[in-house]
Amino acid sequence: MDLFLNVLCAVVSSVAFSVFFIVPKKSIPYCTVIGTISWIVYYLSSKYFGNAVSNLIASVVVGLFAEYFSVKLKMPSTVFLYIGIVMLVPGYGMYKTMEYFAKNEYLFALDSGINTVVHACSIAIGVLISSVFSKSIKRVKFDRVNKINEITEIIGELGEK
């Protein structure tokens, strides 16, 4: 039941953020899928790993899906990336940090702030990893197509002789 409620909330919030960020209407279902998957991956991996590692894993998954859908729908990957990442942003940690600062509890604020920064950095690193990985795959495919074209040209030239 807990997983069902998490998935339901992830779907609703993904749709709401898609509307809030004014994404194109044809990409709203895809953004919803990415946002929901990001939360499911985070939720399930947080049972086995820490929150920072879970953010890293989920952001890598979000980045890969965003790159895939950007090619499929011929749209920028940031359209899909924002909705998936917004589910992972440590907003509560930022709130608690500011609250501790306002109450002059500086040690708690420092602890909460460092924790929040670690989570945010793990999200950024995950997006970076997925971006580099998808670009390297595209480069390998591009090189393979170029080699095939070169071979067919050589075969064509040999056939003409």
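Residues numbered from 1 in each chain as written. Predicted model: local features only at pLDDT ≥ 70, side-chain atom pairs only at ≥ 80, totals over all residues. Heavy atoms only, no water.

- The protein carries the name Threonine/serine exporter family protein in an unreviewed UniProt entry, which gives Parvimonas parva as its organism.
- Checking UniProt for the protein, the heading Subcellular location (unreviewed entry) contains the comment "Cell membrane".
- What the UniProt record of the protein gives under Sequence similarities (unreviewed entry) is the line "Belongs to the ThrE exporter (TC 2.A.79) family." (UniProt positions renumbered as here; feature names shortened; annotations may be inferred.)

Describing the overall build of the protein
So, step 1. Of the regular secondary structure elements, the protein holds six helices and zero strands.
So, step 2. Moving toward the C terminus, one meets the helices and strands of the protein in the order α-α-α-α-α-α.
So, step 3. Burial analysis of the protein (161 residues in total) assigns 33% to the buried set.
So, step 4. Taking as baseline every contact in the protein between residues at least 6 positions apart, the subset at least 24 positions apart corresponds to 66%.
So, step 5. Summed over all atoms, the accessible surface of the protein reaches about 10,500 Å², with 72% contributed by carbon and sulfur. (Helix = DSSP H or I, 4+ residues; strand = E, 2+ residues; numbered from the N terminus. Buried < 20%, exposed > 50% of the residue type's maximum accessible area, 1.4 Å probe, protein only. Contact = heavy atoms within 4.5 Å. Areas by Shrake-Rupley, 256 points an atom, 1.4 Å probe, with all protein chains shown as cover.)

Some words on the packing of aromatic side chains
Each aromatic ring pair is summarised here by two numbers: the centre-to-centre distance and the angle between the ring planes.
So, step 1. By the definition in use, this model includes eleven aromatic pairs.
So, step 2. Measuring from ring centre to ring centre gives 6.4 Å for F21 and Y82, while their planes differ by 50 degrees; the resulting arrangement is tilted. Taken together, the positions of F21 in the loop between α1 (2–20) and α2 (28–45) and Y82 in helix α4 (residues 77–86) put the pair 61 residues apart, joining distant regions of the chain.
So, step 3. For Y82, a relative accessible area of 51% translates into the label exposed. (Phe/Tyr/Trp six-rings, centres within 6.5 Å; stacked < 30°, edge-to-face > 60°.)

Looking at the UniProt feature "transmembrane region" (unreviewed entry) in the protein
So, step 1. Look at the UniProt record and you will see "transmembrane region" (unreviewed entry) annotated at residues 6–23, 30–46, 52–71, 78–95 and 115–134.
So, step 2. Segment residues 115–134 splits into 100% helix and 0% strand. End C-alpha atoms: 29 Å apart.

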